[in-house]
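Analysis of the macromolecular model
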Amino acid sequence: MSRISQLAGLCALASLAACKPHPPRKNQTQNLPSPSGDYRLRIPIEENTTHPEYAGTGVWKVTIFDSAGTREYKDEESTMVGNLNIYWGWDSKDQVWVYNSDNGQITRWTKQAGSWTKHQGRDKSEIPPDILPDYAR
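In short, a report on the structure.

Quick notes on the rules
Residues numbered from 1 in each chain as written. Predicted model: local features only at pLDDT ≥ 70, side-chain atom pairs only at ≥ 80, totals over all residues. Heavy atoms only, no water. Helix = DSSP H or I, 4+ residues; strand = E, 2+ residues; numbered from the N terminus. Buried < 20%, exposed > 50% of the residue type's maximum accessible area, 1.4 Å probe, protein only. Contact = heavy atoms within 4.5 Å. Areas by Shrake-Rupley, 256 points an atom, 1.4 Å probe, with all protein chains shown as cover. Polar contact = N/O pair within 3.5 Å; in protein donor to acceptor, adjacent residues only side chain to side chain. Core = buried A, V, L, I, M, F, W, Y, C linked by side-chain atoms within 4.5 Å. Pairing = 2+ DSSP bridges.

1. A short note on the overall build of the chain
Looking only at helices and strands, the chain has one helix and 10 strands in total. Here the chain holds 137 residues, and the buried ones make up 34% of them. Considering only intrachain contacts with a sequence separation of at least 6, the fraction spanning at least 24 residues in the chain is 41%. For the chain, the computed accessible surface area is about 8400 Å², with 53% contributed by carbon and sulfur atoms.

Below is the structure:
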């Protein structure tokens, strides 16, 4: 076998390996239960319907369900573009955290007085470190 044939074979194998679907990372798991088991988190990509500048764009929408499967919250105001990466998870207080790798935005959802409230910032000091991708820690 010629050296060129060997290289072509290696390139073909590398291409096949690159096409394999990668399992979701721990910090990108759908239907993720909260530590208490009281909630589940899903973040589907759906069309933005509230911001004209994002019309027709798929965005990540934080959606929180109770343990019976009833939706308690959906972030219809999301502008987290769906073809960019975000990372998410719960903390020990059943708060949802999302790190947007495109702009470094950190968003937290807390349940207060029976409803979910969204808080935004960039301070990484409170987000559980296992939610952040390695390069952002």
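2. Comments concerning the environment of Gln105
If you trace the backbone, Gln105 turns up in the loop between β8 (96–100) and β9 (106–112). C-alpha separation for the pair Gln105 and Asp123, spaced 18 residues apart in sequence, amounts to 8.6 Å. In this structure Gln105 touches Val98, Tyr99, Asn100, Gln120, Gly121 and Arg122, once residues within four positions along its chain are discounted. For Gln105, the side chain forms a polar contact with the main-chain oxygen of Gly121, separated by 3.1 Å.

3. Re the side chain of Ser78
Topologically, Ser78 is positioned in the loop between β6 (71–74) and β7 (86–90). Taking the relative accessible area as the measure of exposure, Ser78 reaches 1% and is therefore buried. Side-chain polar atoms of Ser78 contact the backbone nitrogen of Met80, separated by 3.2 Å. Other than its neighbours up to four places away in sequence, Ser78 contacts Asn48, His51, Val59, Trp60 and Lys61.

4. With respect to the nonpolar core
Core analysis: the biggest nonpolar cluster contains 16 residues, and Leu41, Val62, Ile64 and Val98 have the highest contact counts within it. Of all the secondary-structure elements, those providing two or more residues to this core are β2 (39–42), β7 and β8. The element best represented in this core is β7, accounting for three residues. Ignoring any residue separated from it by four or fewer positions in sequence, one finds Leu41 in contact with Thr29, Gln30, Asn31, Leu32, Val62, Thr63, Ile64, Trp88, Trp90 and Val96. Judged by nonpolar contacts, the second largest core, of eight residues, contains Tyr87, Ile106, Ile131 and Leu132.

5. Quick notes on the pairing of β2
Burial along β2 is one-sided: the face carrying Tyr39 and Leu41 is buried and the face carrying Arg40 and Arg42 is not. The turn joining strand β1 (residues 32–33) and β2, which pair antiparallel and follow one another in sequence, is formed by five residues; a positive phi near 85 degrees is taken by Gly37. Two elements, β2 and strand β5 (residues 63–66), share four bridges in a ladder whose sense is antiparallel. What sits directly across from Arg40, in β5, is Phe65.

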